[in-house]
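# Observations on chain architecture
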Amino acid sequence: MGALNGVRVLDLSRVLAGPWCSQVLADLGADVVKVERVGKGDDTRAWGPPYMKDAEGNDTQEASYYQSSNRNKRSIAVDIATPQGQQVVRALAAESDVLIENFKAGSLKKYGLDYESLSSLNPRLIYCSITGFGQTGPRAQEPGYDFIIQGMGGLMSITGERDDVQGGGPQKVGVAVTDVMTGLYSVIAIQAALLAREKTGRGQHCDMALLDVQVAALGNQSQNYLSTGKSPGRYGNAHANIVPYNSFSASDQDFIIACGNDTQFTALCNAIALPELPADPRFAKNEDRVRNREAITQILADHFKHNTAAEWVEKISNVKVPVGLINNIADALAEPQVEARGMVVNIPHAMNPDFKMVGSPIHLSDTPVEYKRPAPLLGQDTDSVLTEYLQLSSEQLSQLKSEGVIG
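In this report, the structure presented in the accompanying data block is examined.

### Considerations on the overall build of the chain
Helix and strand content of the chain: 16 helices and 13 strands. In terms of overall dimensions, the chain has C-alpha extents of about 85 × 55 × 40 Å along its principal axes. Looking at the chain as a whole, 45% of its 407 residues qualify as buried. For the chain, the share of sequence-separated contacts (at least 6 apart) that also reach a separation of at least 24 residues comes to 68%. As presented, the chain carries roughly 20100 Å² of accessible surface, and 53% of it is formed by carbon and sulfur atoms.

### A word on a nonpolar patch on the surface
Residues Trp47, Tyr145, Ile148 and Met152 make up a contiguous nonpolar surface patch of roughly 410 Å² in combined accessible area. Relative to the assigned elements, Trp47 resides in the loop between β2 (31-36) and β3 (51-53).

### Some thoughts on the pattern of salt bridges
When their charged atoms lie close together, side chains carrying opposite charge are able to pair. For the structure on display, the rule yields 20 salt bridges. Notably, a salt bridge pairs Glu36 with Arg45, separated by 2.8 Å at the nearest N-O pair. When sorted by exposure, Glu36 lands in the same class as Arg45, which is buried. For the salt bridge of Arg291 with Glu287, the shortest nitrogen-to-oxygen distance reads 3.4 Å.

### Remarks on unusual backbone geometry
Of note, the amide linkage connecting Pro49 to Pro50 takes the cis form, showing an omega dihedral of 5°. Positionally, Pro50 belongs in the loop between β2 and β3. With an omega dihedral of 0°, the bond running from Val243 to Pro244 counts as a cis peptide bond. By the secondary structure assignment, Pro244 is in the loop between α8 (220-228) and β9 (245-249). Non-glycine residue Asn72 carries a positive phi angle of around 65°. By the secondary structure assignment, Asn72 is in the loop between α2 (64-67) and β5 (73-77). Exposure remark for Asn72: the relative accessible area of 4% places this residue in the buried category.

### Looking at the sheet that holds strand β10 (residues 254-258)
With respect to topology, 3 strands assemble into an open sheet ordered β9-β10-β11, the strand pairing being antiparallel. Looking along the sheet, the strands with just one partner apiece sit at the ends: β9 and β11 (323-325). Adjacent strand axes in the sheet meet at a mean angle of 20°, parallel and antiparallel pairs treated alike. Here 5 bridges tie β9 to β10, and the two strands are oriented antiparallel to one another.

### Some words on the packing of helix α1 (residues 17-27) against helix α6 (residues 177-200)
When two helices pack together, their arrangement is given by the angle between their axes and by how far apart the axes lie. Orientation of α1 relative to α6, taken along the N-to-C sense of each, is 50°, at an axis distance of 7 Å. Judged on the interaxial angle alone, α6 and α1 are oblique. For the crossing formed where α1 meets α6, the hand is right-handed. The segment α1 lies against α6, with Ala17, Trp20, Cys21, Val24 and Leu25 engaging Asp179, Val180, Thr182, Gly183, Leu184, Ser186, Val187 and Ile190. Within the contact of α1 with α6, the residues separate by chemical class into 9 nonpolar, 3 polar and 1 charged.

### Points about the sheet that holds strand β1 (residues 8-11)
The sheet built from 6 strands is open, its strands ordered β5-β2-β1-β6-β7-β8 with parallel pairing. Single-partner strands in this sheet number two, and they are β5 and β8 (205-209). Each strand axis lies, on average, 20° off the axis of its neighbour in the sheet, ignoring direction. Of the pairings in the sheet, the one linking β2 to β5 comprises 5 bridges and is parallel in character. Of the residues in β5, the one forming a bridge with Val35 is Ile76. Set on the sheet, helix α15 (residues 382-390) makes contact with β1, β2 and β5; between it and β5 the angle comes to about 95°.

The rules we used
- Residues numbered from 1 in each chain as written.
- Predicted model: local features only at pLDDT ≥ 70, side-chain atom pairs only at ≥ 80, totals over all residues.
- Heavy atoms only, no water.
- Helix = DSSP H or I, 4+ residues; strand = E, 2+ residues; numbered from the N terminus.
- Buried < 20%, exposed > 50% of the residue type's maximum accessible area, 1.4 Å probe, protein only.
- Contact = heavy atoms within 4.5 Å.
- Areas by Shrake-Rupley, 256 points an atom, 1.4 Å probe, with all protein chains shown as cover.
- Patch = residues over 30% accessible without salt bridge, like charges linked within 9 Å, V, L, I, M, F, W, Y side chains within 5 Å.
- Salt bridge = Lys/Arg side-chain N within 4 Å of Asp/Glu carboxyl O.
- Pairing = 2+ DSSP bridges.
- Axes fitted to C-alpha atoms, helices over the stretch in contact; angles between N-to-C directions.
- Parallel < 35°, antiparallel > 145°, perpendicular 65-115°, else oblique.
- Left-handed = near helix turned anticlockwise from the far one by under 90°.
- Nonpolar A, V, L, I, M, F, W, Y, C, P; charged D, E, K, R; others polar.

Shown next, in the form of structure tokens:
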């Protein structure tokens, strides 16, 4: 039994932030019903190639992007632009604990599917809106995609090499990290609202915005600005406040050292046969190394060119200083530690019984995550969900299908 077993989630969201949120809830045991457009479904169903392979190794029309964030859910296809479709969603919301949506702020009101309308039907409903800029403020009506938010929210200004380095300039992160973080913050908000409902008996509106999340997630970098009045710059793979905390080139490939304190620095220097460095007043303490960043970095960079990355990683790891190779994704998924933690899972799919995906990082001793189903085909559960939730008859379902209301 999952931790959220018995919680019903109606998911009207698409693309990544909302589906990521609902996938986490589904992994934790919630019954997530994904509401998709008739005939088209979630936008990401068409975001390929690459596509999932079938049992013979041929491409299907199930995009890998869609597969990554929709497991453990059921899919129903409903045309919410029709009065009948709106009534179906309202009826489902009346039977649900949580509703997630990421439509433009205020746009569901014309369908009677906004928070005020649905909370009057179901006062216990927790309604989570996920948008680029939130429900209030001068940009509330604007669309907001992860890439735009990474730029606006300051993340790209601190990601990438310095302007004076070859290839320097602002860079986005290689995954839609703001979407993912917003999905995770939304899970926290929803679970907090569920807990509050146990005390008050009332649901509430969770107003989640990508820009808010990105600004919040600047962490120490935004606090550095508030302390100094100076916007932090880009350091490439280096750290703004810790040295050495960087990637280095060995004779064959790059590796990373994350030296978090002066004790680790001394251990590092002893391990790599540079024991004199901690005695140098330029490098004795972290604040000295930050001030003399270029000097210590150049000394280490020259030294590391003389051996392979694996040799350096072994020496440094032996003295318990954080160190590691820079893996590509294939290497990362093949890491023995990743395998030992069960992070790649097999979830048999109707088109491929050997379908694999990356699993949940949540490990609970009493209510573990279960992988009950892969990402659903479009509308594959329409009949069963509407029968289970709304007790619609086969004749009613056939009528709605003939009118194009459901698919």
